[in-house]
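Take a look at the letters that make up each chain.
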Amino acid sequence: MNRIFRLPQLSFYVDYFGNSKSNEFCLAVAGGRRPALGWLKNFISLNKDLETYCADKGLLYCFENKIIPKCVVGDADSAGLEAFEKAHSLGVAVKTYLTEKDDTDLQILLKEIIDKDFVITGIFGGRLDHLYSNIFSIMSDSQVHGRGEFDIRYWINYLIIFIPCFILKYQT
């Protein structure tokens, strides 16, 4: 399977080889550092076939960019119940959890997108312990669910992690 994948900064080809369970990408928006203004909107406009999934405060980042996600998960402690109610009224699948839970909102989101490969943004919120936890949650999810190898790339002002087993070929 081969597809072109576009970020606002560059485009590249994705060639799958064997270990990836999916040929379907989605965008996951966590509630850490806000992506640069307009980046999410540009990303979605360049990849119209991608579905968007949010963990709690990531919903606010989508709303700021006029993006209606397919699903939002979390305890609504960051985005607030009003945002979750607005999402529900817009037809978004809303999955609310108690604040006292064993998994973080990101870990719940990873379980929601278990059958998809994904690009994720918003995992760094300024605290090293949160970034460390988020990266290890993603690594653990990758190993437990057989997503294959993962590749971390840093562009501009935010971290994006690719988690399928694929080869990148940059488009010129």
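Residues numbered from 1 in each chain as written. Predicted model: local features only at pLDDT ≥ 70, side-chain atom pairs only at ≥ 80, totals over all residues. Heavy atoms only, no water.

**With respect to the overall build of the protein**
To keep things clear, this is the line we draw: Numbering of helices and strands runs from the N terminus, with a helix taken as a DSSP run of H or I at least four residues long and a strand as a DSSP run of E at least two residues long. A 1.4 Å probe rolled over the protein chains alone gives each residue an accessible area, and that area as a share of the maximum for its type sets the label: buried under 20%, exposed over 50%, partly exposed in between. We call two residues in contact when some of their heavy atoms are within 4.5 Å.
The helix and strand inventory of the protein stands at 5 helices and 10 strands. Of all 172 residues assigned to the protein, the portion counted as buried reaches 48%. Long-range pairs, those at least 24 residues apart, make up 60% of the contacts in the protein with a sequence separation of at least 6.

**Observations concerning the pairing of strand 6 (residues 93–96)**
Note the threshold: Here a strand pair is declared whenever DSSP counts at least two bridges between the two strands. Look down the strands so they point away from you; if going from the first strand over the helix to the second traces a clockwise path, that crossover is right-handed.
Looking at chain direction, strand 5 (residues 71–74) and strand 6 are connected through 4 bridges and run parallel. Each residue of the ladder has a partner; that of Val72, found in strand 6, is Val94. Chirality of the crossover, the property in question, places the unit of strand 5, helix 3 (residues 81–89) and strand 6 among those that are right-handed.

**Topic: the layout of surface pockets**
The cut-off we apply is this: Only protein atoms enter the 1 Å grid used here. Points where a 1.4 Å probe fits but cannot escape make up a cavity, open sets with protein on both sides within 12 Å along at least five of seven lines make up a pocket, and a residue lines them when an atom lies within 4 Å of a point. Grid points are joined across faces, edges and corners, and a volume is the space filled by probe spheres set on the points.
Considered as a void within the structure, the largest pocket measures approximately 400 Å³ in volume. What lines the largest pocket is a set of 20 residues, among which Gly31, Gly32, Asp105, His130 and Asn134 lie closest to the centre. The set of elements that each furnish at least two residues to the lining of the largest pocket consists of helix 4 (105–112) and helix 5 (128–144). The element contributing the most residues to the lining of the largest pocket is helix 5, with 3 residues.

**Observations concerning the side chain of Ser137**
As for its placement among the helices and strands, Ser137 is situated in helix 5. In this structure Ser137 touches Gln107 and Leu110, once residues within four positions along its chain are discounted.

**So, the pattern of salt bridges**
Here is the rule we go by: When a carboxyl oxygen of Asp or Glu is within 4 Å of a side-chain nitrogen of Lys or Arg, the pair counts as a salt bridge.
If you walk through the whole model with that rule in mind, you get 7 salt bridges. Asp75 is paired through a salt bridge with Lys101; the nearest N and O atoms lie 2.7 Å apart. Of this pair, Asp75 sits in the loop between strand 5 and helix 3 while Lys101 is found in the loop between strand 6 and helix 4, placing the two residues 26 residues apart along the sequence. Using a relative accessible area of 25% as the deciding quantity, one classes Lys101 as partly exposed. Between Asp103 and Lys111 there is a salt bridge, and its shortest N-O distance comes to 2.4 Å. Owing to a relative accessible area of 25%, Asp103 belongs among the partly exposed residues under this scheme.

**Thoughts on unusual backbone geometry**
Residues apart from glycine generally show negative phi values, whereas peptide bonds are mostly found in trans. The residue Asp56 is not glycine, and still its phi comes out positive at about 45°. For Asp56, the position within the fold is in the loop between strand 4 (51–55) and helix 2 (58–64). A residue is classified by how much of its surface remains accessible, and Asp56, at 2% relative accessible area, is buried. With a phi close to 60°, Lys66 is a non-glycine residue in the positive phi region. Given a relative accessible area of 69%, Lys66 falls into the exposed group.

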